[in-house]
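Architecture and fold: a report
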Protein chains: 2
Amino acid sequence: MTDTGGQRRNATLADIAAELDLHPSTVSRALDPAKAAMVKAPTRRRIVETADRLGYRPNLAAKGLKEGRTATIAVIAADLGNPWVTPIIHGLTSRMTSSGSVPVIAETGDDSSTLAALLDHMVARRVDAIVVLAARRADREIIEATSRLVPTVVAARPLEDIGVPVVRERSRLGGRLLAEHFAELGHRRVAQLRGPEEVLNFPNRAEGFSARASEMGLEEATPRLVAARPTIDEGSRLMDELLDRGPLPTAVFAHNDLLAVGAVAALRRRAQSVPDDVSVAGYNDMPLTEHLDPALTTVRFPGWQVGHEAATVALSLAAGEPRFGDVALDPEFVPRRSTAPPRE
Amino acid sequence: MTDTGGQRRNATLADIAAELDLHPSTVSRALDPAKAAMVKAPTRRRIVETADRLGYRPNLAAKGLKEGRTATIAVIAADLGNPWVTPIIHGLTSRMTSSGSVPVIAETGDDSSTLAALLDHMVARRVDAIVVLAARRADREIIEATSRLVPTVVAARPLEDIGVPVVRERSRLGGRLLAEHFAELGHRRVAQLRGPEEVLNFPNRAEGFSARASEMGLEEATPRLVAARPTIDEGSRLMDELLDRGPLPTAVFAHNDLLAVGAVAALRRRAQSVPDDVSVAGYNDMPLTEHLDPALTTVRFPGWQVGHEAATVALSLAAGEPRFGDVALDPEFVPRRSTAPPRE
DNA sequence: GCCGACGATGCAATCGCTTGCAAGGCGATC
DNA sequence: GATCGCCTTGCAAGCGATTGCATCGTCGGC
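These figures come from a predicted structure and were not determined experimentally.

**Examining the overall build of chain A**
Scanning chain A for helices and strands turns up 12 helices and 13 strands. Taken over the C-alpha trace, chain A has a radius of gyration of 26 Å; the compact-globule value for 344 residues is 20 Å, which it surpasses by more than 25%. Referenced to the eigenvectors of the C-alpha coordinate spread, the extents of chain A come out at roughly 90 × 50 × 35 Å. With 344 residues in all, chain A has 56% of them scored as buried. Taking as baseline every contact in chain A between residues at least 6 positions apart, the subset at least 24 positions apart corresponds to 72%. Of the roughly 14100 Å² of accessible surface on chain A, a fraction of 50% belongs to carbon and sulfur atoms.

Next up, the structure:
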């Protein structure tokens, strides 16, 4: 059990310079690949040698102060506990580290004032860019305001008419795909378990679904069921409400997989079979969805790609490249076992 | 569609000072709650007023350079795509932000040289502490070396005889709990699908399981099945191998839930029922495990708490408090439907 | 043999903020 | 009314690295 209390102070350019009786600037140049040629080879060798004898690590904070960049990008999520964000963060991280930047992560808990505080904090940190995964409708202005100070990207959860680049899925298309699926299976009476209206993906999915549903002659059950948060519990609650109110639709579109899982659980508790009594479809195809009971019919939200693209946009904005258009990625319909033709 | 190209330069202390014909140091004091009292009230008011008229945000990078701290803590995970890490990161983040620090996240892909490079990078960043979630046996030395430069904590995946604090679960206990469960159900012949030996949780779980199993008179099937990585695919592969080699055990302990999911899938493909033909237990109780098909018997790995504790230790080390002992958290047995008594 | 040029290194300012110390001004004390 | 001391503000150094410019020495050319 060695003692770890005493951390060694990190060596600085000045330390190396002093040791070799050189000037820090010479050491700086010798250690900068782009400028190493300016330093005579033997000197350079001595510098490099003492540098790693002393375990020199350049102080990126100092470098960042001088250069006005920090090589970090802020990522602001709504709820890190939601499996949905995992692939997004994964995609973001892998793109960023491949270019020497690093994500700093924070979480809003879907609270607008927390978001505001975090944005402020990230501005203070002088991150090179900010990726907002937690956007709600009401947050438009504050995000725009922030974007005037730091390049900002809105990703995963889109915002409309906003003056910052957006990386998003085509939510309406996803909704349409599910409406078609229900229609093709022969359902006539369908319902939606809606996610919070504040998160634009949900009303957009709803819109696509309703539009296509009515085109195809489907009837939507009346009670408008809106979840306070997109969670399993809320899915159960909405489904219970649906079960309590009059005639049950034969197919239900839950606006995300968690709501769908909750809905299935509620149906089970009321001795309804999925998909025999009621078909249930989710949305996102979050990890493990395929192994759920029953394997959930869903629409794949391209999370990894959204993260990857968002990072790409953020990095290029940070590099001062001009803003370019939004990125919209196609979701993909994934049929599984939780949907089936209606009884008889 | 407003133009976002031109970011405004952030105001500095000097800007405010110039505007009011004061010295930057006075402004600095006025804006520091701890020193605000040193500044005459009317002056302070004028300062605060122009500060937020100019949208002043202190440059944390500069502040960090001066103070020798960055208010960031590095978190190094093995695979951000693994649902297992989600709660850990969640716990870490929530603890950190509640104290003004922020996590920067990176991923090793379980590659030791990547880990080495990342540790180096984080040292260069002068993060206040490092939390390593990606430790493998072979990484002990490099982690110890790093810990001499930056306070370091190993969490989630433990390492033995290492000179840095460890926050871990009691893996042996978890293994024992499952052995007991199998014995109590009446199984006699059991098997393990092992995770990589390099990740100590797995051999420790194995050890606890085997020890208790032999105490209770269980017999372990012979082929030693070790996954190259703890993934669903590897679980299937190992299970196929087990199915191909001689007599099938009646209960299988997969070292994590992903392996278990893969094992269940493989059994299904071979027309074996879980739990009727074979009981399968996993480990971790990762999110959604309870909604899998079948609901997985498992041992709950206290991920959120491990993250939370690891952050606590990291923060206190960063604050210069002396190192204290390791933290070991108890896992909890969670019986569900994937295990049952053996046939007849 | 002298001068210009170039190659190698040093110097000093700078990024933005913090902080110990100095200094100026004022009220209080004797 | 002079002195002491406190209250408020200014000054300047310094955190660690970068970089334009100055400087010094040497080499080559004529």
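**Section: the relation of the copies chain A and chain B**
Rotating chain A by 180 degrees about the axis while translating it 0.0 Å along that axis superimposes it on chain B, leaving an RMSD of 0.1 Å. What the superposition gives is, in effect, a two-fold axis relating one chain to the other. With an isologous cut-off of 70% or more, the 100% of interface residues of chain A that recur at the interface of chain B puts this contact in the isologous class.

**A word on the interface of chain A and chain B**
Of the residues lining the interface, 55 residues belong to chain A; the matching set on chain B comes to 55 residues. For the pair chain A and chain B, the two sides together bury roughly 5300 Å², of which 60% comes from carbon and sulfur. Counting the surface chain A buries against chain B, the share from its top three residues, A:Arg125, A:Arg126 and A:Leu288, is 12%. Those elements that place two or more of their residues in the side of chain A that touches chain B are helix 4 (60–67), helix 5 (85–97), strand 2 (102–107), helix 6 (112–125) and helix 11 (257–269) of chain A.

**Description of the pairing of strand 1 (residues 72–77) of chain A**
All names here are of chain A. With respect to burial, strand 1 is a largely interior element, 6 of its 6 residues being buried. Along strand 1, one buried face is formed by Thr 72, Ala 74 and Ile 76 and the opposite face, lined by Ile 73, Val 75 and Ala 77, is buried too. When strand 1 meets strand 2, the two strands line up parallel, connected through 6 bridges. Of the residues in strand 2, the one forming a bridge with Val 75 is Ile 105. Where strand 1 and strand 3 (residues 129–132) come together, 4 bridges link them in parallel fashion.

**A look at the protein's contact with DNA strand C**
Taken together, the neighbourhood of DNA strand C is formed by 25 residues, with A:Thr26, A:Thr43, B:Leu13, B:Lys35 and B:Tyr56 sitting nearest. For DNA strand C, the backbone makes up 63% of the atoms found within 4 Å of the protein, where backbone means sugar plus phosphate. Contact distances for DNA strand C include 2.9 Å between a base oxygen and a side-chain N or O atom of A:Arg29. With respect to DNA strand C, the backbone of B:Leu13 contributes an N or O atom lying 2.6 Å from a phosphate oxygen. Elements represented by at least two residues in the surface near DNA strand C include exactly helix 2 (24–31) and helix 4 of chain A together with helix 2 (24–31) and helix 4 (60–67) of chain B. In terms of residue count, the dominant contributor to the surface near DNA strand C is helix 4 of chain B (4 residues). When grouped by side-chain class, the residues that make up the surface near DNA strand C number 8 nonpolar, 8 polar and 9 charged.

What counts and what doesn't
Residues numbered from 1 in each chain as written. Chains lettered and ligands numbered in written order. Predicted model: local features only at pLDDT ≥ 70, side-chain atom pairs only at ≥ 80, totals over all residues. Heavy atoms only, no water. Helix = DSSP H or I, 4+ residues; strand = E, 2+ residues; numbered from the N terminus. Rg over C-alpha atoms; globule rule 2.2 N^0.38 Å. Buried < 20%, exposed > 50% of the residue type's maximum accessible area, 1.4 Å probe, protein only. Contact = heavy atoms within 4.5 Å. Areas by Shrake-Rupley, 256 points an atom, 1.4 Å probe, with all protein chains shown as cover. Least-squares fit on C-alpha atoms with pLDDT ≥ 70 in both. Buried area = accessible area lost by both parts, 1.4 Å probe. Pairing = 2+ DSSP bridges. Near = heavy atom within 4 Å. Polar contact = N/O pair within 3.5 Å; in protein donor to acceptor, adjacent residues only side chain to side chain. Nonpolar A, V, L, I, M, F, W, Y, C, P; charged D, E, K, R; others polar.

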